[in-house]
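Structure at a glance
The chain contents come next:
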Amino acid sequence: MGQHGITEVADDASSSATSAIPDPGQEHRKAVREAESAILDILARDEFQGPRWERTTSSLAEYGWLTLVKWLGTGQIFDRCLAIGRRLPHNEAARIVLLHDWDTRFELASDTVLAALPKFRERLASGQWDPEQASLTTYFVGALILEFPNIYRRWERGRVLAEKEAPLDVMFDAPSAERGPAAHAAAHDEIQRILWTMPPDIRKIVQLRADGYTLAEAAKILGTTTKAIEHRMARWRTRYTKRRTAEQSPQADRS
């Protein structure tokens, strides 16, 4: 993306990031632009490396990381991406994770910053940043917005796969490794039969898990806690196992 493209993204980002900051006045903005132009000249002479470059990028990375963590929690990052034509899938399950899971926000923000820094350096070195169009901080946030979709899609694919590969296997303590097609088909039929005999509250938990929700997300939706769900499922599994054992014992006696 060229100078004008990333500057447009940066301008859009800064409208939110700086909306609460009072207007410092035209003269101050001019002084800031001149100072940042001087910074660009110094960094260019250093070939965008060395101690001054490290200090500059450390400051930018900290600011950008904090901004991303906040936007991930509020969902604003998706609005920023949509504004540049990059719509990202984020269903209720993903929104709950991002709202309540600090570790996930930490990981996504960190990965985005790390991925954006080399490209940001390339853009500066090739003269794509114009201090007259956007501040260096705003320009860097724009670079983060451009990079975020790739990071998020990779995370979302991993989340969906992890949660949808075998949620029912986990729920019923069934072995998932080295199953053949016949075993998978039999397990699927057994699970469907079990679902029809479940109490409504247990069936709802299992259906949420089958839809890709984690236990924490299911607990949030159902207005309870993860521990409460675990205890309810454990009690139900115990009852189910006893019933199945009783059903199968006459067959075992006849064999």
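Above this text sits the structure in question.
Residues numbered from 1 in each chain as written. Predicted model: local features only at pLDDT ≥ 70, side-chain atom pairs only at ≥ 80, totals over all residues. Heavy atoms only, no water.

1. Overview of the overall build of the protein chain
A count of helices and strands for the protein chain gives 12 helices and 0 strands. Walking the protein chain from its N terminus toward its C terminus, one meets helices and strands in the order α-α-α-α-α-α-α-α-α-α-α-α. In the protein chain, buried positions account for 37% of the 255 residues. Summarising the internal contacts of the protein chain: among those between residues at least 6 apart in sequence, 75% fall at separations of at least 24. Carbon and sulfur atoms make up 54% of the accessible area of the protein chain, which amounts to about 14600 Å² in all. (Helix = DSSP H or I, 4+ residues; strand = E, 2+ residues; numbered from the N terminus. Buried < 20%, exposed > 50% of the residue type's maximum accessible area, 1.4 Å probe, protein only. Contact = heavy atoms within 4.5 Å. Areas by Shrake-Rupley, 256 points an atom, 1.4 Å probe, with all protein chains shown as cover.)

2. Observations regarding the packing of aromatic side chains
What the rule picks out here adds up to 12 aromatic pairs. Relative to Y139, the ring of W129 lies with its centre 6.5 Å away and its plane at 35°, an arrangement referred to as tilted. Of this pair, W129 sits in the loop between α6 (102-125) and α7 (136-164) while Y139 sits in helix α7, and the two are 10 residues apart along the sequence. For the pair Y152 and W155, a centre-to-centre distance of 5.5 Å together with 45° between the ring planes defines the contact as tilted. Residue Y152 and its partner W155 are located together in helix α7, separated by 3 residues, close to a single helical turn. Note on W155: relative accessible area 14%, which makes it buried. An aromatic cluster of three or more residues is present, and its members are F48, W53, F120, W129, Y139 and F140. Lying across the ring of W71, R80 places its NZ or CZ 5.7 Å from the centre. (Phe/Tyr/Trp six-rings, centres within 6.5 Å; stacked < 30°, edge-to-face > 60°. Lys NZ or Arg CZ within 6 Å of the ring centre and 35° of its normal.)

3. Side note on the nonpolar core
In this structure, I77, F120, L124, F148 and Y152 are the most contacted members of the largest nonpolar core, which totals 36 residues. Within the residue set of this core, elements represented by two or more residues are α2 (26-45), α3 (51-74), α4 (76-83), α5 (92-100), α6 and α7. Of all the elements, α7 adds the most residues to this core, at 11 residues. Setting aside residues up to four positions removed in sequence, F120 forms contacts with W53, L60, L136, Y139, F140 and A143. Judged by nonpolar contacts, the second largest core, of 13 residues, contains A93, I205, L208 and A219. (Core = buried A, V, L, I, M, F, W, Y, C linked by side-chain atoms within 4.5 Å.)

4. Things to note about the environment of A134
Looking at the element boundaries, A134 is found in the loop between α6 and α7. Judged by its relative accessible area of 7%, A134 falls in the buried class. When the C-alpha positions of A134 and R33 are compared, they lie 8.5 Å apart, and in sequence the two are 101 residues distant.

5. Some details on the packing of α5 against α6
Close contact between α5 and α6 brings their axes to 5 Å; oriented N to C, the two are set at 90°. Classed by the angle they form, the pair α5 and α6 counts as roughly perpendicular. For the pair formed by α5 and α6, the contact residues are V97, L98, L99 and H100 on the first element and W102, T104, R105 and L108 on the second. The residue inventory of the contact of α5 with α6, partitioned by class, reads 5 nonpolar, 2 polar and 1 charged. (Axes fitted to C-alpha atoms, helices over the stretch in contact; angles between N-to-C directions. Parallel < 35°, antiparallel > 145°, perpendicular 65-115°, else oblique. Nonpolar A, V, L, I, M, F, W, Y, C, P; charged D, E, K, R; others polar.)

6. Overview of unusual backbone geometry
One non-glycine residue, E47, lies in positive phi territory at about 60°. Its location among the elements puts E47 in the loop between α2 and α3. Even without a glycine there, the phi angle at F48 is positive, about 55°. Inspection of the secondary structure puts F48 in the loop between α2 and α3. Classification of F48 as buried rests on a relative accessible area of 6%.

7. Regarding the packing of α3 against α4
With their axes 5 Å apart at the nearest point, α3 and α4 run at an angle of 95° to one another. When the axes of α3 and α4 are compared, the pair comes out roughly perpendicular. From α3, L68, W71, L72 and T74 reach across to α4, where they touch Q76, I77 and R80. Class assignment for the residues of the contact of α3 with α4 results in 4 nonpolar, 2 polar and 1 charged.

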